[in-house]
Amino acid sequence: MPHAQHPVGTGFTAFSTVEDVMAGVDLTGANVVITGGHSGLGLVTTRALSAAGASVTVAARDPKRAARAVLGIRRVEVERLDLLDPASIDAFTARYRRSGRPLHILVNNAGLPSAGGLQHDARGYESQLAVNHLGHFQLTLGLQPVLRAAGGARVVTTSSGAHRMSDILWDDPHFRTGRHHPDLAYSQSKTANVLFTVELDRRWSDGGIRAFAPHPGIVPATAFNGSAGDEARRAMGLIDDLGNPIIDPTRGVKTLEQGAATIVLAAASPLLAGIGGVYLNNGDVSPVDASTGPVDMTSPPADVAPHAIDPGSAHRLWELSEQLVGTPTLETYSLVV
């Protein structure tokens, strides 16, 4: 199966930081939208892109909380967006289109951590798939006109090495048959992020829109990883007995600045010019890793698995997502711009 998953020699590694990747990058005049850009990896990304000169819109479910978090960061505004609420997504995209601003970088970063039990949204969709993939799918399609207007744009959808644990559960993606496990649900949603990236790039690259799916690594300092609980994090070697993070990039365990480095690489680095539809890991395009078998959870593999870049699956997921989201046509969008 042909694919573009070949490292390009960026020179960055698992140890590289946001500062390393953004050195010399000038984003003056660029407009950015980032979901969840007020906490964890998202906040580090917001700061880095703003520092390079970009104007950043942080999309957050709780705008007051987000505004407090980004206070003092230049050229940052906050808008309400609830990825579990289709009406909220439509309202956000309509507001942005009416602003008349082109969109140069969209970072689909927000994610729903495992809640432990099976949860569905108001439509009956499994909540992690609904937030991590379908919400961002609807958001991205709603912003396509302003991405095209940029004359060269990037869509960055934060994925995870956890995608290796599950393909899309095509016969039951919403776990209505009783086989749900929170790790399986999360892994499915992260595979969806990569497949979405592959198909988006195939469909939209002719219009100057390229897509990337970065894996930031395992970052103990984020609330997202903290949701696993201290016992699980100790078992994975992420924290010590006192609860302090154990940073070891050689096994993918990183600081916030190291984790966000691959995200900002995808968003802004000129080293990826002319490339798209790929999954990134440790500061470069990931090679394909088709290995199977027992996984050492203290040092889990994180390069891209074949099922996540399969073009047939990517096309199938796009069509399924359109059915589930019921996205209006681009002709409908043009009436609102």
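Numbering of residues starts from 1 in every chain and runs along the sequence as written. Only residues with pLDDT of at least 70 are given local features in this predicted model, and only at 80 or more are side-chain atom pairs given and counted; all residues enter the totals for whole chains, interfaces and linings. Computation of side-chain values: all heavy atoms of the structure, hydrogens and water removed.

Moving on: the side chain of Thr-46. The residue Thr-46 is located in helix α2 (residues 40-51) in this model. The rule is simple: take the accessible area with a 1.4 Å probe, protein chains only, and divide by the maximum for that residue type; under 20% is buried, over 50% is exposed, in between is partly exposed. Using a relative accessible area of 0% as the deciding quantity, one classes Thr-46 as buried. Once residues lying within four places of it in the same chain are set aside, the contact partners of Thr-46 are Ile-34, Gly-37, Val-56, Val-58, Ile-73 and Val-76. Strands are runs of DSSP state E lasting at least two residues, helices are runs of H or I lasting at least four, and both sets are numbered from the N terminus onward. Contact criterion: two residues are considered in contact whenever any of their non-hydrogen atoms come within 4.5 Å of each other.

All right, on to the pattern of salt bridges then. Within this document, salt bridges are pairs made up of a side-chain nitrogen of Lys or Arg and a carboxyl oxygen of Asp or Glu, the two lying within 4 Å of each other. On inspection of all chains with the given rule, the structure shows nine salt bridges. For Arg-101, the salt bridge is made with Glu-77, and the minimal N-O distance between the two is 3.2 Å. Pair noted here: Arg-101 is in the loop between α4 (86-99) and β4 (105-108) and Glu-77 is in strand β3 (residues 76-80), with a separation of 24 residues, a long-range link. Given the relative accessible area of 31%, Glu-77 is considered partly exposed. For Arg-164, the salt bridge is made with Asp-289, and the minimal N-O distance between the two is 3.6 Å.

Close contact between helix α7 (residues 182-204) and helix α11 (residues 311-325) brings their axes to 8 Å; oriented N to C, the two are set at 90 degrees. It follows from the interaxial angle that α7 and α11 lie roughly perpendicular. Every residue of α11 that contacts α7 at Ala-192, Leu-195, Phe-196, Val-198, Glu-199, Leu-200, Arg-202, Arg-203 and Trp-204 is listed here: Pro-311, Ser-313, Ala-314, His-315, Leu-317, Trp-318 and Glu-319. Here the contact of α7 with α11 is built from residues that sort into 10 nonpolar, two polar and four charged. What counts as an axis is a line fitted to C-alpha atoms, over the stretch in contact for a helix, and the angles between N-to-C directions run from 0 to 180 degrees. Any angle that falls under 35 degrees is termed roughly parallel, while one over 145 is termed roughly antiparallel, one within 65 to 115 roughly perpendicular, and all others oblique. Ten residues, namely Ala, Val, Leu, Ile, Met, Phe, Trp, Tyr, Cys and Pro, are considered nonpolar, four, namely Asp, Glu, Lys and Arg, are considered charged, and the remaining ones, Gly among them, are considered polar.

Geometry of an aromatic ring pair is reported as the spacing of the ring centres plus the angle between the planes. The criterion for an aromatic pair is that two Phe, Tyr or Trp rings (for Trp, the six-membered ring) have centres within 6.5 Å, with stacked assigned to planes under 30 degrees apart, edge-to-face to planes over 60 apart and tilted to the rest. Counting across every chain of the model gives four aromatic pairs. A ring pair is formed by Phe-137 and Trp-318, whose centres lie 5.1 Å apart and whose planes are at 80 degrees; its orientation type is edge-to-face. A residue pair is termed long-range when its members are at least 10 positions apart, and Phe-137 in helix α5 (residues 127-142) and Trp-318 in helix α11 qualify at 181 residues. Summarising the burial analysis for this pair, Phe-137 and Trp-318 share the class buried.

To continue, consider the pairing of strand β6 (residues 209-215). In terms of burial, β6 is largely enclosed, as six of its seven residues are buried. Of the strand pairs in this sheet, strand β5 (residues 153-157) and β6 are connected by four bridges, and their pairing is parallel. Its bridge partner lying in β6, Val-156 is registered against Phe-212. Here, a strand pair is defined by DSSP locating no fewer than two bridges between the strands. As paired elements, β6 and strand β7 (residues 278-281) share four bridges and run parallel to each other. Bridged to Phe-212 within β7 is Val-278.

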